[in-house]
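# Architecture at a glance
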Amino acid sequence: MLINQENFSAFILKCHKAVKVFKEYSSKKFTFLFAVSFCLSLIISACSLNTSVISASMPSFSIGQDPEKVVRIGHQKFGSLSLLRAKGDLEKKFNSMGLSVRWNQFPAGPQLLEALNAGRLDFGHAGETPPISAQAAGAPLLYVASSPPNPKGEAILVPKDSQIRNLADLKGKKIALNKGSNVHHLVVQALAKANLKYTDIQPIFIPPADARAAFEQKKVDAWAIWDPYFAAAEQATGARILTDATNIVENREFLFASQSFAKKHSDRLKIVLEEIEKVDEWAKSRPKEVAQILSPLIGIDAGVLEQVAKRRAYGLEPITKEVVAYQQRLADTFYRLKLVPKKIDVNQVAMVSDRKQLN
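About the thresholds
Residues numbered from 1 in each chain as written. Predicted model: local features only at pLDDT ≥ 70, side-chain atom pairs only at ≥ 80, totals over all residues. Heavy atoms only, no water. Helix = DSSP H or I, 4+ residues; strand = E, 2+ residues; numbered from the N terminus. Buried < 20%, exposed > 50% of the residue type's maximum accessible area, 1.4 Å probe, protein only. Contact = heavy atoms within 4.5 Å. Pairing = 2+ DSSP bridges. Axes fitted to C-alpha atoms, helices over the stretch in contact; angles between N-to-C directions. Phe/Tyr/Trp six-rings, centres within 6.5 Å; stacked < 30°, edge-to-face > 60°. 1 Å grid on protein atoms, 1.4 Å probe; cavity = no way out; pocket = protein on both sides within 12 Å on 5 of 7 lines; lining within 4 Å. Points joined across faces, edges and corners; volume = space filled by probe spheres on them. Nonpolar A, V, L, I, M, F, W, Y, C, P; charged D, E, K, R; others polar.

## Quick notes on the environment of Leu196
Its location among the elements puts Leu196 in the loop between α8 (182-193) and β7 (202-205). What makes Leu196 buried here is its relative accessible area of 13%. Apart from the residues lying within four places of it in its own chain, the contact partners of Leu196 are Leu167, Ala168, Lys171 and Leu191.

Laid out in structure tokens, this is it:
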């Protein structure tokens with residue numbers, strides 16, 4: 001049942017009638033109270049179960065907006081796009097052209113690319129793994145640029161008093177991770193480095209906020225996570241880094257456009273990329289300012305964000321044949337492990353360039 005204003009009102013009316021019938025035909029107080037409780041439970045359950053459905057069905061544009069004059073951008077917590085949103089430079093550029101920007105924040109890359117696949121986004125970013133699953137699902141995405149590798153920006157954490165001391169100790173253990181995210185690739189390759197199979201561990205697929213709670217309550221043995229959640233957990237829980245991604249995976253961040261947006265509005269895409277390069281150039285020597293600007297936008301302490309800003313890789317790079325080959329190896333590995341349903345060809349959705357610089 002999809003709850004909207006019309007059928008919600010009808011639902012309430014039916015509950016009211018049901019309560020009235022119970023009240024008239026039963027003299028037992030318990031039955032009357034049960035009817036009231038039952039109807040309220042139905043309302044609460046319907047609302048909570050359909051939150052995502054309601055959100056997914058909402059229009060991508062505000063009333064009165066011309067869809068052709070809106071650029072829809074998705075971002076996660078932290079990163080160049082979050083900073084670009086906070087500073088407002090992209091809006092100023094597009095406003096001067098009679099265009100506007102619609103921002104949407106997502107908890108992780110898989111959710112962002114789901115929105116792109118549903119036609120609700122024109123542009124966004126994600127780590128190495130989400131586009132593999134998205135392409136396998138038929139998402140009309142296009143790799144348009146990437147960040148430099150940032151292996152210090154993700155890690156496998158264990159509680160500070162954990163008996164796990166090396167990767168081999170993960171055998172048989174529960175590892176929390178966001179399914180299909182960049183750290184999914186980290187876990188797979190970290191296990192291989194320790195001569196363990198993916199089936200040697202128990203992956204617990206939960207999003208960052210729930211994973212943090214499970215980690216603190218010791219319902220899981222380890223947690224694979226990326227910045228800024230990684231830095232926040234370090235500072236708040238004293239978590240120990242079992243390993244970061246150094247010498248395991250590159251941990252690139254990719255920038256994506258929908259194929260239709262890239263084809264129809266290549267001029268707008270060029271402006272977005274140029275503004276990202278500008279904000280990255282500004283940010284790389286100003287970690288404290290970056291943290292102070294982003295903290296109120298994404299709700300994370302400025303001290304945590306400053307640590308993230310200091311270890312982050314800045315700048316944009318074109319999608320080269322080498323980058324495509326790296327992503328293809330990832331895709332082949334995930335297919336072999338049955339983590340994606342079919343083989344894919346990354347080159348088919350990549351804007352490949354021979355240049356070493358984006359512009």
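## Notes on helix α10 (residues 229-237)
Taking burial as the measure, the nine residues of α10 include seven buried ones, the bulk of the element. Listed as buried for α10 are Tyr229, Phe230, Ala231, Ala232, Ala233, Glu234 and Thr237. In this structure, the buried residues of α10 make contact with β5 (154-158), α9 (208-216), β8 (222-226), β9 (240-244) and α14 (302-311). The positive-phi residue at the C-terminal boundary of α10 is Gly238, with phi of around 70°.

## Description of the pairing of β8
Extensive coverage of β8 is indicated by the burial of five of its five residues. Note: β5 against β8, four bridges, orientation antiparallel. Bridge assignment links Glu154 to a residue of β8, and that residue is Trp226. Relative to β8, strand β6 (residues 174-177) is paired through two bridges, and the arrangement is parallel. The residue bridging Ala176 from the neighbouring strand is Trp223, located in β8.

## A closer look at the sheet that holds β9
Judged by pairing direction, the sheet is mixed, and its five strands sit side by side in the order β7-β6-β8-β5-β9 without closing on themselves. The open sheet has two free edges, formed respectively by β7 and β9, since each of these has just one partner strand. Going across the sheet, the axis of each strand differs from the next one's by a mean of 30°, ignoring polarity. Alignment of β5 against β9, held across four bridges, turns out to be antiparallel. Across the sheet, residue Ala155 finds its bridge partner in β9, namely Asp244. Strands in contact with α9 are β5, β6 and β8; relative to β8, the strand with the most contacts, it is inclined by about 145°. Across the sheet, α10 is in contact with β5, β8 and β9; its angle to β8 comes to roughly 130°.

## Focus: unusual backbone geometry
Omega for the bond connecting Asp227 with Pro228 falls within 30 degrees of zero, at 10°, which places this linkage in the cis form. Assignment of secondary structure puts Pro228 in the loop between β8 and α10. Located in the positive-phi region is Phe78, a residue other than glycine, with phi close to 80°. Relative to the elements of secondary structure, Phe78 occurs in the loop between β1 (70-75) and α4 (80-87). Given the relative accessible area of 7%, Phe78 is considered buried. Despite not being glycine, Lys218 shows a phi value in the positive range, around 60°. Note on placement: Lys218 falls in the loop between α9 and β8. A relative accessible area of 49% places Lys218 in the partly exposed class.

## Concerning the packing of aromatic side chains
Counting across every chain of the model gives five aromatic pairs. Relative to Trp223, the ring of Phe215 lies with its centre 5.6 Å away and its plane at 45°, an arrangement referred to as tilted. When its relative accessible area of 2% is taken as the criterion, Trp223 is described as buried. Ring centres of Trp226 and Tyr229 lie 5.7 Å apart, and the angle between their planes is 90°; this geometry places the pair in the edge-to-face category.

## What to know about the pairing of β5
Burial of β5 is extensive: five of the five residues sit out of reach of the surface. Because side chains alternate across β5, one face comprises the buried residues Glu154, Ile156 and Val158, and the other comprises Ala155 and Leu157, equally buried.

## Overview of empty space enclosed by the protein
Tallied over the full model, the rule gives three cavities of 30 Å³ or more. Here the largest cavity defines a volume of roughly 370 Å³. Listed by contribution, the elements that provide at least two residues to the lining of the largest cavity are β3 (123-126) and α14. Its residues placed into classes, the lining of the largest cavity shows seven nonpolar, eleven polar and six charged.

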